[in-house]
Amino acid sequence: MKFSDLGLSSKVLAAVEAAGYETPTPIQAQAIPHVLARKDVLGVAQTGTGKTASFTLPMLSLLESGRPRARMPRTLILEPTRELAAQVEQSFEVYGQNHRLTVALLIGGVSFADQLKKLDRGADVLIATPGRLLDHFERGKLLLTGVDTFVVDEADRMLDMGFIPDIERICKLLPFTRQTVFFSATMPKEIQALADQFLHNPERIEVARPSSTADTITQNLVSSGGKPWEKRATLREQIEKAEDLQNAIIFCNRKRDVATLYRSLNKHGLNAGALHGDMDQTSRMATLDNFKSGELKLLVASDVAARGLDIPSVSHVFNFDLPTHAEDYVHRIGRTGRAGREGVAISIVTRGDTKYLDAIEKLIGKKIDWTADKPASFDSEEEKPKRSRSNKRGKGNARSGKKEQDGKESKEGREEKQSRPRRERPPREASKDREQSPQQPRQSNRGRRSGRDRDDNQVIGMGDHVPAFLLAPIRPPKSKGSKKAKADIAE
Ligand code: AMP
């Protein structure tokens, strides 16, 4: 199959050739003709499969006829994060180099005035994150009744980030006769329900089994002691041993661990940067650019900060922490081995991680090889850590303890995602711009979103009577704590 067989315009074909692409990827070969025929498409595809071009290329061809009107974009693409939205804008620059189309980007962290200017000129393509889009709409600066093609990218990520109600609202503002293109790496029931509601007789395209990992990625497990300094030593050893390591993304489960690990790696003379949601947009973009240009060799990142980023040639992915959600494993290691390249993914596994490992192996449908023999103690039930006292006591931890036993989710281990629980509709004013900095929910959202905060108001296991001493705040001794923290980082 060649690009020229797909029905794309000559301007688009010239840009594709200039980009150096020889053959369409499977998602492109399957999706492009349907998008060009203005059909609804439901695409199940991981990042790295070339899915961005599978909708941008046909959209460019379709946009060649017609002109935009002020404040009435002709097409709309929704992305869950600012970085992804900016990446899609870059794709339009590359693939649309022979077109004279206006592309507007509506994301947080950028002045409304500049965005308004573009909208006023009339946008052929509007790329937006849901919160900022609705902000513009509510200010009366935008009309969505002229949208012919509507694309929802990374729908499962939107679900994770609590954006589904926003998407439902946006869908209702669009003309009924529009074309809808929906992409998701996985197809949980909530996404299927959304697709059933808003897509009309869609062509379903699935290029890889949902939650499968690319064959071009060599996956390995390495055992480690569970203490942070032991894991850091294991990681350094793996980085030193890694063959052909050009650059690597190192994933942590918690954003505070991203910061600690980043400092530790630099202390040990390794050239690392960090990407987490507490950083402002400018430093996130600067770090990302340094990593892309090769100035930074290692990038320590959290899931939310790194999800979907297109960094074309990452040779290695390290899981400093094994993700507590099996699907995150697929997304993380999908940063390497992209577009047919070879990649290596190495995960550090501690004895307490075996339940997560089981879930990952079940999801991807295969066993992952250990670099050395799997330690016998990892299999031994008796040697598994006993349930902590706090788990037995209930209140907050009792919940996470229960979920951990179920092998599903550790809320404690998903600090970033706590701020965006599934299917929760944040209050309108509090939801504004929330995708600008996923890990910096506004103060007003904190109490509502955080599982831990929610639990503070509940009494579990004690009935109505709680002794006063249990309600007193716990203050750890300052001097001891800070010494320990310093020692931890110094390691
Ligand atoms: P995506 O899945 O859209 O994030 O794309 C992943 C990477 O594949 C990007 O770096 C694209 O530039 C690259 N890519 C997309 N389509 C092709 C193609 N047909 N041939 C080679 N590389 C491609």
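This text gives an overview of the structure that appears in the document. (Residues numbered from 1 in each chain as written. Predicted model: local features only at pLDDT ≥ 70, side-chain atom pairs only at ≥ 80, totals over all residues. Heavy atoms only, no water.)

**Concerning the site of the ligand**
- In the vicinity of the ligand there are 15 residues, among which Tyr21, Gln28, Gly48, Gly50 and Thr52 approach most closely.
- Between Tyr21 and the ligand, the recorded distance is 2.5 Å, taken from a side-chain N or O atom to an oxygen atom.
- One nitrogen or oxygen atom from the main chain of Gly50 is found 2.8 Å from an oxygen atom belonging to the ligand.
- If the ligand stood free it would expose 500 Å²; the protein chains cover 83% of that surface.
- Counted by class, the shell around the ligand contains 4 nonpolar, 8 polar and 3 charged residues. (Near = heavy atom within 4 Å. Polar contact = N/O pair within 3.5 Å; in protein donor to acceptor, adjacent residues only side chain to side chain. Areas by Shrake-Rupley, 256 points an atom, 1.4 Å probe, with all protein chains shown as cover. Nonpolar A, V, L, I, M, F, W, Y, C, P; charged D, E, K, R; others polar.)

**Some details on the nonpolar core**
- Counting residues in each nonpolar core, the largest one holds 35 residues, and the members touching the most others are Leu76, Leu78, Leu133, Phe150, Ile170 and Phe182.
- Residue contacts for Phe150: discarding those within four places in its chain leaves Leu76, Leu78, Ile170, Cys171, Leu174, Arg178, Gln179, Thr180 and Val181.
- In terms of nonpolar packing, the next biggest core, distinct from the first, is built from 34 residues, Val35, Leu36, Ile77 and Phe183 among them. (Core = buried A, V, L, I, M, F, W, Y, C linked by side-chain atoms within 4.5 Å. Buried < 20%, exposed > 50% of the residue type's maximum accessible area, 1.4 Å probe, protein only. Contact = heavy atoms within 4.5 Å.)

**Focus on the pairing of strand β11 (residues 298-302)**
- Among the 5 residues of β11, 5 are classified as buried, and the element is accordingly described as predominantly covered.
- Residues Leu298, Val300 and Ser302 line one face of β11 and the alternating positions Leu299 and Ala301 line the opposite face, and both faces are buried.
- When strand β9 (residues 248-252) meets β11, the two strands line up parallel, connected through 5 bridges. Residue pairing for β11: Ile250 is matched across the bridge by Val300.
- Where strand β10 (residues 272-275) meets β11, 4 bridges bridge the pair, whose relative direction is parallel. Looking at β11, one finds that Ala274 is bridged to Val300. (Helix = DSSP H or I, 4+ residues; strand = E, 2+ residues; numbered from the N terminus. Pairing = 2+ DSSP bridges.)

**Regarding the packing of aromatic side chains**
- Under the defined criterion, the tally for this structure stands at 2 aromatic pairs.
- Ring geometry for Phe55 against Phe183: centres 5.7 Å apart, planes inclined by 35°, an arrangement best described as tilted. Of this pair, Phe55 sits in helix α3 (residues 51-63) while Phe183 sits in strand β6 (residues 179-184), and the two are 128 residues apart along the sequence.
- Just above the ring of Phe320 sits the side chain of Lys231; from NZ or CZ to the centre is 5.0 Å.
- For the cation-ring pair, Lys355 lies above Tyr356, with the distance from its terminal atom to the ring centre recorded as 4.9 Å. (Phe/Tyr/Trp six-rings, centres within 6.5 Å; stacked < 30°, edge-to-face > 60°. Lys NZ or Arg CZ within 6 Å of the ring centre and 35° of its normal.)

**Here we look at the sheet that holds strand β5 (residues 149-152)**
- Strand order in the open sheet made by the 7 strands is β3-β4-β2-β5-β6-β1-β7, with parallel pairing throughout. Of all the strands in the sheet, the pair left with one neighbour each is β3 (103-106) and β7 (203-206). Strand-to-strand twist in this sheet, taken as the mean axis angle between neighbours without regard to direction, amounts to 15°.
- Note: strand β1 (residues 41-44) against β6, 4 bridges, orientation parallel. Across the sheet, the residue bridging to Gly43 is Phe183, located in β6. (Axes fitted to C-alpha atoms, helices over the stretch in contact; angles between N-to-C directions.)

**Quick notes on the packing of helix α2 (residues 26-36) against α3**
- Two numbers describe how α2 lies on α3: the axes approach to 9 Å, and their chain directions differ by 30°. Put simply, α2 runs roughly parallel to α3. The two elements α2 and α3 meet at a crossing, and its hand is right-handed. Here Ile27, Gln28, Ala31, Ile32, Val35 and Leu36 of α2 come into contact with α3, specifically with Lys51, Ala53, Ser54, Leu57, Pro58, Ser61 and Leu62.
- Each residue belonging to the contact of α2 with α3 can be placed in one class, and the counts come to 9 nonpolar, 3 polar and 1 charged. (Parallel < 35°, antiparallel > 145°, perpendicular 65-115°, else oblique. Left-handed = near helix turned anticlockwise from the far one by under 90°.)

**Section: the pattern of salt bridges**
- Within the structure shown, the criterion is met by 13 salt bridges.
- Connected through shared salt-bridge partners, Lys51, Asp153 and Glu154 make up one network. (Salt bridge = Lys/Arg side-chain N within 4 Å of Asp/Glu carboxyl O.)

**Considering the sheet that holds β10**
- The parallel open sheet is built from 7 strands, whose spatial order is β10-β11-β9-β12-β13-β8-β14. Unpaired on one side and paired on the other, β10 and β14 (369-370) mark the two borders of the sheet.
- Direction of pairing for strand β12 (residues 316-319) relative to strand β13 (residues 343-349): parallel, over a ladder of 4 bridges. Note that in β13 the partner of Asn319 across the bridge is Ser347.
- In this fold helix α11 (residues 255-267) packs onto β9, β10 and β11, with an angle of close to 170° to the strand it touches most, β10.

**Overview of the environment of His200**
- Checked against the element boundaries, His200 lands in the loop between α9 (189-198) and β7.
- Judged by its relative accessible area of 37%, His200 falls in the partly exposed class.
- A C-alpha to C-alpha distance of 9.9 Å links His200 and Phe176, two positions 24 residues apart in sequence.
- In contact with His200, not counting residues within four places along its chain, are Asp40 and Phe176.

**Topic: unusual backbone geometry**
- With a phi angle near 55°, Glu154 is a residue other than glycine that sits in the positive phi range.
- Residue position: Glu154 is located in the loop between β5 and α7 (155-160).
- Owing to a relative accessible area of 3%, Glu154 belongs among the buried residues under this scheme.
- For Asp244, which is not a glycine, the phi torsion comes out positive at approximately 50°.
- The topology assignment puts Asp244 in the loop between α10 (228-241) and β9.
- For Asp244, a relative accessible area of 64% corresponds to the exposed category.

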